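The residues making up each chain are set out below.
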Amino acid sequence: MRPSKRLDGCGYKTGLEADLPAGEEVAPGGFVVSNSMYTDYADEYEAAIQENIFNGKFERPSLLGLLPALNGKQVLDLGCGPGVYAAELVARGAIVTGIDVSEKMIEITRSKMGDACRCYVQDISIGLPDEPSEQFDIVICPLVIHYLADLNRLFSDVHRVLKAGGLFVFSTHHPYPDFERSPSANYFATEAVVEEWDTLGRPVPVTFYRRPISAIANAIAEAQMFIANISEGKVSKALKQASPELYSRLSTSPHFMFYQCKPLRGLPESPVGQS
Ligand SMILES: C[S@@+](CC[C@H](N)C(=O)[O-])C[C@H]1O[C@@H](n2cnc3c(N)ncnc32)[C@H](O)[C@@H]1O
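Residues numbered from 1 in each chain as written. Predicted model: local features only at pLDDT ≥ 70, side-chain atom pairs only at ≥ 80, totals over all residues. Heavy atoms only, no water.

**Observations concerning the environment of Asn55**
Point 1. With respect to the helices, strands and loops of the structure, Asn55 is situated in helix 2 (residues 53-64).
Point 2. Judged by relative accessible area, which is 3%, Asn55 ranks as buried.
Point 3. Put simply, Asn55 and Thr199 are 144 residues apart on the chain and 9.9 Å apart in space, counted from C-alpha to C-alpha. (Helix = DSSP H or I, 4+ residues; strand = E, 2+ residues; numbered from the N terminus. Buried < 20%, exposed > 50% of the residue type's maximum accessible area, 1.4 Å probe, protein only.)

**Points about a nonpolar patch on the surface**
Point 1. Nonpolar side chains collect at one region of the surface, where Phe226, Leu264 and Leu267 lie side by side and expose about 240 Å² of accessible area between them.
Point 2. In this fold, Leu267 is placed in the segment after strand 13 (256-263). (Patch = residues over 30% accessible without salt bridge, like charges linked within 9 Å, V, L, I, M, F, W, Y side chains within 5 Å. Areas by Shrake-Rupley, 256 points an atom, 1.4 Å probe, with all protein chains shown as cover. Salt bridge = Lys/Arg side-chain N within 4 Å of Asp/Glu carboxyl O.)

**A short note on the site of the ligand**
Point 1. In the region of the ligand, 19 residues are neighbours, and Gly79, Asp100, Asp123, Ile124 and Pro142 sit closest.
Point 2. Within the backbone of Gly79, one N or O atom sits 2.7 Å away from a nitrogen atom of the ligand.
Point 3. Between the ligand and Ile124, the relevant distance is 2.9 Å, taken from a nitrogen atom to a main-chain nitrogen or oxygen of the residue.
Point 4. Protein chains bury 98% of the 600 Å² of accessible surface belonging to the ligand in isolation.
Point 5. According to the grid-proximity analysis, the pocket containing the ligand is the largest pocket.
Point 6. Considered class by class, the residues forming the shell around the ligand number 13 nonpolar, four polar and two charged. (Near = heavy atom within 4 Å. Polar contact = N/O pair within 3.5 Å; in protein donor to acceptor, adjacent residues only side chain to side chain. 1 Å grid on protein atoms, 1.4 Å probe; cavity = no way out; pocket = protein on both sides within 12 Å on 5 of 7 lines; lining within 4 Å. Sits in = over half its atoms within 2 Å of the grid points. Nonpolar A, V, L, I, M, F, W, Y, C, P; charged D, E, K, R; others polar.)

**Considerations on the layout of surface pockets**
Point 1. Estimates place the volume of the largest pocket at around 570 Å³.
Point 2. Around the largest pocket, the lining comprises 33 residues; the ones closest to its centre are Tyr38, Gly79, Asp100, Val144 and Tyr147.
Point 3. Listed by contribution, the elements that provide at least two residues to the lining of the largest pocket are strand 4 (30-32), helix 1 (42-49), helix 2, helix 3 (84-91) and strand 6 (95-100).
Point 4. The leading source of residues in the lining of the largest pocket is helix 2, at three residues.
Point 5. Of the residues in the lining of the largest pocket, the class split is 19 nonpolar, nine polar and five charged. (Points joined across faces, edges and corners; volume = space filled by probe spheres on them.)

**A few points about empty space enclosed by the protein**
Point 1. Throughout the structure, instances matching the rule amount to three cavities of 30 Å³ or more.
Point 2. Taken as a whole, the largest cavity encloses approximately 80 Å³ of empty space.
Point 3. Sorting the residues of the lining of the largest cavity by element identifies strand 9 (162-173), helix 6 (175-179) and strand 11 (204-210) as the ones contributing at least two each.
Point 4. When its residues are assigned to classes, the lining of the largest cavity shows three nonpolar, four polar and three charged.

**Observations regarding the pattern of salt bridges**
Point 1. Applying the stated rule across the entire model yields 13 salt bridges.
Point 2. Between Arg210 and Glu191 there is a salt bridge, with its nearest N and O atoms 2.6 Å apart. Pair noted here: Arg210 is in strand 11 and Glu191 is in strand 10 (residues 191-197), with a separation of 19 residues, a long-range link.
Point 3. Arg249 serves as the salt-bridge partner of Glu245, at 3.2 Å between the closest nitrogen and oxygen. Within this pair, Glu245 and its partner Arg249 are both found in helix 9 (residues 244-252), separated by four residues, close to a single helical turn.
Point 4. Each of Asp43, Lys104 and Glu107 takes part in salt bridges that share partners, so that together they form one network.

In structure tokens form, the structure reads like this:
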């Protein structure tokens, strides 16, 4: 165990590190990380992320800024959590499906959204077996892929369920600060990290996976998608007003990464390599 001083996407890391995920179960897609933050404390989590700095004033506005107009669009929200994104997507006119592994999160989303959002419990590390192909205009997956040991099944199914010309937008921890947390000190390893976050105003242990940037880029390419845009997040005036200190930090230190990807299907063949 080593003490941590780094700020995390969901709060201050007070820090423990471990080689193996806590509360793990073996699933077809690999290890499923079960975090009490998203099960036992799901109600508190929902309240905490509405207006906090990292989710409410940094991650969510940054990711929403990468989406096109949503009116009438079919949108799949992977790892939808307590439906904060889903509510915003519906308010923008989207037809939303939400999936989360946490029963409690889906219960919260259902109780808030009713018929306005179709949502169900499923582990997305096994892919999207209940979704037909070429159904969605947009798939989002905010702050979830770092809970998956393997990205290939999910990304391959994201490609399958997207319409030609569709968009896959996801956010995750930035690999640069995550490397400070590496138990192996090997940047190129994909490995579990356990830390304590103060998202709920007290330390709560959270297990996630850190991986090199090439692991993400290769999973995108293997799924027959390409990266149309990468962002490291946008700080705003609202964030500055809420916390000048975090505004300064997030303006100068990387924290999250945002990927905008598109399926290669339906595009004209690349002329690269042709004479
Ligand atoms: C940090 S929260 C983000 C929630 C939501 N996307 C947001 O940004 O407001 C991570 C969510 O991913 C979900 N999750 C983690 N692993 C998952 C898996 N294997 N399948 C589906 N959902 C998962 C958790 O239950 C939790 O609700």
